[in-house]
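Take a look at the letters that make up each chain.
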Amino acid sequence: MKSLFAPLLAASLLSGCSLFQAEENYPADIARLDTGVIKGSITDGVVAFKGIPYAEAPVGDLRWRAPQPVAAWQGVREATEFGNDCMQTPFPSDAAPLGEEPAEDCLYINVWKPDTVTSADKLPVMVWIYGGGFVNGGSSPAVYDGAALAQQGVVLISMNYRLGRFGFFGHPALTAAQEDDLAVNYGYMDQLAALRWVQNNAASFGGDPDNVTIFGESAGGVSVHTLMTTPLAKGLFDKAIVMSGGGRPNGLMSGATITSAEQAGQAFAAWAGIEGSDKAALEALRALPAEKLALGVGMGAMFAKPDPAAPPMPSGPVADGKLVLAGASGNYDPAVRAQVPFMAGANTMDIGFPGPDFFSRFGDQEDHARQLYLEAVGGNEKMMTYIAAADATMVEPARYSVEQMHLAGQPAWHYRAAYVPESMRAQWPGLPHAAEIPFFFKTIDARYPGDVAEQDRDMAKVMSAYFVNFAKTGNPNGEGLPDWPAYDEQSRPLMLFGNEGAQGGDDPWRERLDLIEASSGR
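All of these numbers come straight from a predicted model, not from anything done at the bench. (Residues numbered from 1 in each chain as written. Predicted model: local features only at pLDDT ≥ 70, side-chain atom pairs only at ≥ 80, totals over all residues. Heavy atoms only, no water.)

Another point: the overall build of the protein. For the protein, the count of helices and strands is 16 helices and 19 strands. A globule of 522 residues ought to have a C-alpha radius of gyration of about 24 Å, and the protein, at 23 Å, matches this closely. Principal-axis analysis of the C-alpha atoms gives the protein an extent of 80 × 65 × 45 Å. For the protein, long-range pairs separated by at least 24 residues make up 77% of all intrachain contacts whose partners lie at least 6 apart in sequence. Just so you have it, the protein exposes about 20,300 Å², and 51% of that area is on carbon and sulfur atoms. If the 36 positive side-chain charges of the protein are averaged to one point and the 61 negative ones to another, these points end up 2 Å apart. (Helix = DSSP H or I, 4+ residues; strand = E, 2+ residues; numbered from the N terminus. Rg over C-alpha atoms; globule rule 2.2 N^0.38 Å. Contact = heavy atoms within 4.5 Å. Areas by Shrake-Rupley, 256 points an atom, 1.4 Å probe, with all protein chains shown as cover. Lys, Arg positive; Asp, Glu negative; His and termini not counted. Charge placed at Lys NZ, Arg CZ, Asp CG, Glu CD.)

Laid out in structure tokens, this is it:
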């Protein structure tokens with residue numbers, strides 16, 4: 001928990017009245033929330049409020065419980081430093097390394113706003129959901145700093161949500177306890193609680209709770225898909241952006257059920273020496289040290305050689321029939337999906353999972369697909385399979401989800417990030433997974449300190465502006481930017497952010513994505 005303090009400012013002493021008589025009289029770095037008053041810090045025209053609790057710490061008896069309302073505080077709470085990121089085993093090569101120590105007490109939210117904005121204003125609100133495979137990630141990385149977005153006239157909000165065995169955990173003892181209406185998907189419950197916090201508190205920062213855009217990358221993108229398709233998020237946001245988050249039904253992170261989650265939980269409990277499914281078993285599980293629950297969980301473990309001595313992996317998001325209706329992404333049933341403007345895209349060298357004999361999926365088009373991809377990668381057979389798998393995992397599903405929105409009559413926009421920073425062009429033949437984030441956030445100096453070219457800055461300015469425009473109006477286009485055509489099912493256009501600049505129009509990869517589509521089923 002952050003410390004509380006109650007400073008008396010000279011102005012209030014001289015006037016003989018309370019600093020907090022009326023909200024419109026608050027200094028720029030003060031905000032009154034539904035739980036108390038906070039004080040942030042001002043840098044370069046932006047006020048940052050960090051480490052604000054949006055739920056009670058999920059520790060002790062609150063481990064594996066729905067997030068509980070945070071207790072109100074007296075006086076003024078300092079909000080100048082991030083809270084802990086959620087408990088995890090950090091990923092050594094993470095593109096967004098954590099800035100804070102992981103801990104189980106982690107349900108904190110952060111806000112950036114222009115320092116000229118008051119609670120009387122109504123700026124668009126953008127809510128960031130980080131990625132990391134639901135086992136890594138946090139809101140503290142420098143590349144997720146919201147200042148550059150706030151400088152463009154939005155309120156940027158980011159939150160932490162529980163990960164790994166803390167965020168997605170089932171066990172018969174938890175089911176028997178019936179402590180909450182929902183179970184297993186505690187990380188998603190955190191996201192819903194954070195979005196409800198935004199509805200209750202955005203206006204205190206000059207944000208408009210009726211103009212909220214959620215956006216997330218990788219697992220954060222999968223989360224956006226889930227929020228788009230769960231009735232529990234209805235009315236909590238007004239626009240959505242999915243960055244490298246898949247989009248086809250039964251795609252990324254799908255397949256887990258309550259039963260399989262309970263089996264995974266029982267396997268972990270047995271590894272930890274806990275048997276049974278009664279109250280005593282649940283108490284023993286909740287008494288385990290957080291470090292033990294974090295063992296063997298993380299992106300590093302996912303890609304490492306299996307260790308038979310390691311504890312079983314957690315289930316990840318679960319189709320529980322309440323919060324997650326079917327699969328973890330892409331359940332775009334018109335009866336349940338949010339009717340909001342939508343944007344999705346992926347990167348040119350995104351993540352993929354090529355299994356053995358990947359190209360057999362193309363059936364009688366296998367030879368044609370092989371030739372098409374071989375030409376695309378200059379004859380590199382290993383790269384050919386990787387790129388094709390990335391298309392199947394991220395690139396084509398992004399187009400699919402955009403098309404589903406368009407066919408439902410919703411404004412929809414498709415992009416592909418191809419711009420490679422100048423310093424990385426000798427190493428990267430395309431843009432890897434997550435490498436687009438510092439361009440949309442306009443934080444490339446944090447990602448490539450001392451090695452940023454002017455062209456990199458120009459592209460970050462353009463990419464960031466499109467996202468901000470979309471948050472403001474539901475349309476990414478704006479003055480001084482190349483035209484980004486809205487999606488239609490005939491021409492299937494996109495915005496390509498490439499080394500030659502931003503270009504909207506026909507998709508140069510359409511033929512190969514059409515092959516992926518045909519092999520996936522419409």
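That covers the picture; the talk isn't over yet.
Let us look at empty space enclosed by the protein. Considering all chains together, one arrives at three cavities of 30 Å³ or more under this definition. What lines the largest cavity is Pro58, Arg63, Trp64, Cys86, Met87, Glu104, Cys106, Arg162, Leu163 and Phe166. Broken down by class, the residue content of the lining of the largest cavity amounts to seven nonpolar, no polar and three charged. (1 Å grid on protein atoms, 1.4 Å probe; cavity = no way out; pocket = protein on both sides within 12 Å on 5 of 7 lines; lining within 4 Å. Points joined across faces, edges and corners; volume = space filled by probe spheres on them. Nonpolar A, V, L, I, M, F, W, Y, C, P; charged D, E, K, R; others polar.)

So, about the layout of surface pockets. In this structure, the largest pocket encloses a volume near 690 Å³. Where the lining of the largest pocket is concerned, the elements lending two or more residues are helix 6 (219-229), helix 10 (299-303), helix 12 (381-407) and helix 13 (437-440). Sort the elements by how many residues they give to the lining of the largest pocket and helix 10 lands first, with three residues. When grouped by side-chain class, the residues that make up the lining of the largest pocket number 19 nonpolar, eight polar and three charged.

Before going further, it helps to examine the packing of helix 11 (residues 366-376) against helix 12. Packing of helix 11 against helix 12 leaves a shortest axis separation of 9 Å and a crossing angle of 110°. It follows from the interaxial angle that helix 11 and helix 12 lie roughly perpendicular. Along the contact surface, helix 11 presents Arg370, Tyr373 and Leu374, while helix 12 presents Glu381, Met384, Ile387, Ala388 and Asp391. Split into classes, the residues belonging to the contact of helix 11 with helix 12 amount to five nonpolar, no polar and three charged. (Axes fitted to C-alpha atoms, helices over the stretch in contact; angles between N-to-C directions. Parallel < 35°, antiparallel > 145°, perpendicular 65-115°, else oblique.)

Another aspect to go through is the nonpolar core. With 135 residues, the main nonpolar core has Ile52, Trp197, Phe205, Phe215, Phe237 and Phe497 as its most contacted residues. Here Phe237 is in contact with Val212, Ile214, Leu227, Met228, Ala338 and Val340, once residues within four sequence places are set aside. (Core = buried A, V, L, I, M, F, W, Y, C linked by side-chain atoms within 4.5 Å. Buried < 20%, exposed > 50% of the residue type's maximum accessible area, 1.4 Å probe, protein only.)

Over its 20 residues, helix 15 (residues 454-473) runs 29 Å from end to end, which matches the ideal 28 Å to within 8%, given 1.5 Å per residue. Within the sequence span of helix 15, burial applies to Asp456, Met459, Ala460, Met463, Ser464, Ala465, Tyr466, Phe467, Val468, Asn469, Phe470 and Ala471. Phi turns positive one or two residues past the end of helix 15, at Gly474, with a value near 85°. (Expected span 1.5 Å × (residues − 1).)

Burial within strand 9 (residues 108-114) is extensive, with seven of its seven residues counted as buried. With burial as the criterion, each face of strand 9 is covered, one bearing Tyr108, Asn110, Trp112 and Pro114 and the other bearing Ile109, Val111 and Lys113. Inspection of the sheet shows strand 5 (residues 46-53) paired to strand 9 by six bridges, in the antiparallel sense. In the sheet register, Val47 faces strand 9, and the bridge partner there is Lys113. For strand 9 and strand 11 (residues 155-159), the ladder comprises four bridges, and the chain directions are antiparallel. Note on strand 11: the bridge partner recorded for Ile109 is Met159. (Pairing = 2+ DSSP bridges.)

The subject of this paragraph is the sheet that holds strand 15 (residues 239-243). Across the sheet, which stays open at both edges, the 11 strands sit in the order 4-5-9-11-10-14-15-16-17-18-19 with mixed pairing between neighbours. Each edge of the open sheet is held by one strand with a lone partner, namely strand 4 (41-43) and strand 19 (501-505). Geometrically, the sheet is characterised by an average inter-axis angle of 20° between neighbouring strands, direction not taken into account. In this sheet, strand 17 (residues 412-417) lies alongside strand 16 (residues 342-347) in parallel orientation, the contact comprising six bridges.

Looking now at the state of the cysteines. For the structure shown, the criterion picks out one disulfide. The side chain of Cys86 participates in a disulfide bridge whose partner is Cys106; the two sulfur atoms lie 2.1 Å from each other. The S-S bond linking Cys86 to Cys106 shows a torsion near 85°; that makes this disulfide right-handed. Pair noted here: Cys86 is in strand 7 (residues 85-86) and Cys106 is in the loop between strand 8 (102-103) and strand 9, with a separation of 20 residues, a long-range link. Side by side, Cys86 and Cys106 carry an identical accessibility label, which is buried. (Disulfide = S-S within 2.5 Å.)

Following the criterion strictly, the structure yields 30 aromatic pairs and no others. Here Tyr415 and Phe497 contribute two aromatic rings whose centre-to-centre distance is 6.2 Å and whose plane-to-plane angle is 55°, an arrangement assigned as tilted. A residue pair is termed long-range when its members are at least 10 positions apart, and Tyr415 in strand 17 and Phe497 in strand 18 (residues 494-498) qualify at 82 residues. Accessibility expressed as a relative area gives 0% for Phe497, which makes it buried. Note on Tyr419 and Phe439: the rings are 5.4 Å apart at their centroids and 70° apart in plane angle, and the pair reads as edge-to-face. Here Tyr419, found in the loop between strand 17 and helix 13, pairs with Phe439, found in helix 13; they are 20 residues apart in sequence, far enough to count as distant. Considered together, Tyr419 and Phe439 belong to a single accessibility category, that of buried residues. Aromatic ring contacts, followed pair by pair, group Trp128, Tyr144, Phe215, Trp413, Tyr415, Phe440, Phe441, Tyr466, Phe467, Trp484 and Phe497 into a single cluster. Just above the ring of Trp64 sits the side chain of Arg63; from NZ or CZ to the centre is 5.6 Å. Lying across the ring of Trp73, Arg77 places its NZ or CZ 5.2 Å from the centre. (Phe/Tyr/Trp six-rings, centres within 6.5 Å; stacked < 30°, edge-to-face > 60°. Lys NZ or Arg CZ within 6 Å of the ring centre and 35° of its normal.)

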